[in-house]
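Chain and residue survey
Listed below are the residues making up each chain.
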Amino acid sequence: MDTLILICSIPLGIIFCSLLLSLFTYLGGKLYGLHFYSFEFLIFKFIRTSEKDSRLVSYRTSFKALPLVKMTKDNLTTKEDRASAKLSLLFLFSTHVLIGLLLVATGIFEYSYTGQFLKCLISKTYVFSVFETLLLIFVSFATFAKKDELENILRNKITEATEKGKLTAVEFPDLVFKYRDASNIVKSNYQHIRFIKAQMIGDMSTMANIAHWFTCESNRIFQDSTHSYLAFYYAYFLQGNPEATKLATYHFNKVKYFLSKCSDSNDARIYAYYKYYIEHDSVEARQLAAKGISMLPQFKDLEELRQAEEKWLYHLLDVIDGVAG
């Protein structure tokens, strides 16, 4: 009976220790100013779409034997990432030591009255669980890193763009077919960034390929801003195309509520272009473009993105006034 209890308690101990590690990863990350990015366990994954949208999306993913929490932040350095990971492991180790001391104290107390040490049941379970937990955590992290290599590439690319101060200075090759095991949301985020760069430099071929990629049923759009950029693409870059007009309307309606708030110059710009090229409302388009220009100082991303916003907004005003074609 004791052996059966020991065997049954081992997986529970492993899951318990892993949940503790997930909790400490979250707390350790918070101490370093990181925010929650994702949580995975079994076949489920919960992920935060973006800092702006601040929404949690859940979907099925490859099996994970242990719960895993990931924390991140803008411009996350390798030093900060490693430091927060070490802190979470230190929390876990300290908790194990504390639990171990309590178990030993309990055993000594039990032995002093009954002459037994619970037949070492609790101690054996504890030590065995700790050993297997550390082993499975190592295997799980190794497996996770391999399957989410595209995500690591995306993070490195964004860091590189931030360091260089230009998104257009970084190459974003088409990797979604190379990393087929990457999750749909990682592929979607990677394509989203590639799409932004392609729009900034006017790369029609890349824009067309990515837009087509997003039309496939298996390639879900997870960020509201992706709908926004697709609406801008179909409305402006493919202006006058009847099919493009339908697609622009489709994507615009998906995020109309958010765009109507005009929370930043990007929202105002996309709304203005849609009003002018799809609804042919030059009056409101001019008002929205002017509003977007007034919000440019509040645009806090890369300076290059701000310059692109400014160029597009003034270009639309010139088009409305008949200055540009």
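These lines cover the structure that appears in this document, whether it is placed above or below. Just so it is clear, the model here is predicted, and its values are computed rather than measured.

Quick notes on the overall build of the protein chain
- Helix and strand content of the protein chain: 11 helices and two strands.
- Residue burial in the protein chain is summarised as follows: out of 325 residues, 46% are buried.
- At a minimum sequence separation of 6, the contacts of the protein chain that also span at least 24 residues come to 64%.
- Put simply, the protein chain shows about 17700 Å² of open surface, and 61% of that area lies on carbon and sulfur atoms.

Description of the environment of G33
- Here G33 lies in the loop between α1 (2-31) and β1 (35-48).
- Along the backbone, G33 and T72 are 39 residues apart, and their C-alpha atoms lie at a distance of 8.5 Å.

Notes on the packing of aromatic side chains
- Applying the stated rule across the entire model yields 17 aromatic pairs.
- Residues F232 and W312 carry aromatic rings whose centres are separated by 5.2 Å and whose planes lie at 65° to one another, so their mutual orientation is edge-to-face. Residue F232 is found in helix α7 (residues 224-237), and its partner W312 is found in helix α11 (residues 303-320); the two are separated by 80 residues along the sequence. As far as burial versus exposure is concerned, F232 and W312 are alike and both buried.
- Residues Y236 and F237 carry aromatic rings whose centres are separated by 5.0 Å and whose planes lie at 70° to one another, so their mutual orientation is edge-to-face.

Quick look at helix α10 (residues 282-294)
- Here α10 contains 13 residues, and its C-alpha end-to-end distance of 18 Å stays within 8% of the 18 Å for a straight helix at 1.5 Å per residue.
- Along α10, the residues that are buried comprise A285, L288, A289, G292 and I293. The buried residues of α10 all sit within an arc of 140° when viewed along its axis, so they share a single face. Away from its buried face, by an angle of more than 90 degrees, α10 presents the exposed residues V283 and Q287.
- Next to the buried residues of α10 lie α9 (265-277) and α11.
- The N-capping residue of α10, defined by a side-chain oxygen 3.3 Å from the backbone nitrogen of V283, is D281.

Criteria and thresholds
Residues numbered from 1 in each chain as written. Predicted model: local features only at pLDDT ≥ 70, side-chain atom pairs only at ≥ 80, totals over all residues. Heavy atoms only, no water. Helix = DSSP H or I, 4+ residues; strand = E, 2+ residues; numbered from the N terminus. Buried < 20%, exposed > 50% of the residue type's maximum accessible area, 1.4 Å probe, protein only. Contact = heavy atoms within 4.5 Å. Areas by Shrake-Rupley, 256 points an atom, 1.4 Å probe, with all protein chains shown as cover. Phe/Tyr/Trp six-rings, centres within 6.5 Å; stacked < 30°, edge-to-face > 60°. Expected span 1.5 Å × (residues − 1). Arc of directions from axis to C-beta. Polar contact = N/O pair within 3.5 Å; in protein donor to acceptor, adjacent residues only side chain to side chain.

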